[in-house]
Amino acid sequence: MIFHVPGAGLGCGRPICAWADENTGASVGFVTPETTQQKPASVDLAAFAEATLNVRAEARQPIG
């Protein structure tokens, strides 16, 4: 999703992806100079979703 942040007469969007399952959940925000300047329709949400899957895979490692 794109989280729109209004401010100083200029709004900016921030891509945010999330997941939740049996025992973990998180939201991952992507804030870079580039993403703060993009129009919401031009954001590649599939690329951010893939990056979120990578974060999820790293976070869901067996304990021990």
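Judged by nonpolar contacts, Cys17, Trp19, Val28, Phe30, Val43 and Phe48 together constitute the single largest core of 6 residues. Excluding anything up to four places from it in sequence, valine 43 contacts Ile2, Pro15, Gln38 and Phe48.

Counting across every chain of the model gives 1 aromatic pair. Between phenylalanine 30 and phenylalanine 48, the ring centres sit 4.6 Å apart and the planes meet at 40°, which makes this aromatic pair tilted. Of this pair, phenylalanine 30 sits in the loop between strand S3 (25–29) and helix H1 (33–37) while phenylalanine 48 is found in helix H2 (residues 45–59), placing the two residues 18 residues apart along the sequence. Here the two residues phenylalanine 30 and phenylalanine 48 agree in accessibility, since each one is buried.

Along the chain, the position of threonine 35 falls in helix H1. Looking at threonine 35, the relative accessible area reads 5%, which means it is buried. There is a polar contact of 3.1 Å between the side chain of threonine 35 and the backbone oxygen of phenylalanine 30. In this structure threonine 35 touches Gly13, Pro15, Phe30 and Phe48, once residues within four positions along its chain are discounted.

Basis of the calculations
- Residues numbered from 1 in each chain as written.
- Predicted model: local features only at pLDDT ≥ 70, side-chain atom pairs only at ≥ 80, totals over all residues.
- Heavy atoms only, no water.
- Core = buried A, V, L, I, M, F, W, Y, C linked by side-chain atoms within 4.5 Å.
- Buried < 20%, exposed > 50% of the residue type's maximum accessible area, 1.4 Å probe, protein only.
- Contact = heavy atoms within 4.5 Å.
- Phe/Tyr/Trp six-rings, centres within 6.5 Å; stacked < 30°, edge-to-face > 60°.
- Helix = DSSP H or I, 4+ residues; strand = E, 2+ residues; numbered from the N terminus.
- Polar contact = N/O pair within 3.5 Å; in protein donor to acceptor, adjacent residues only side chain to side chain.

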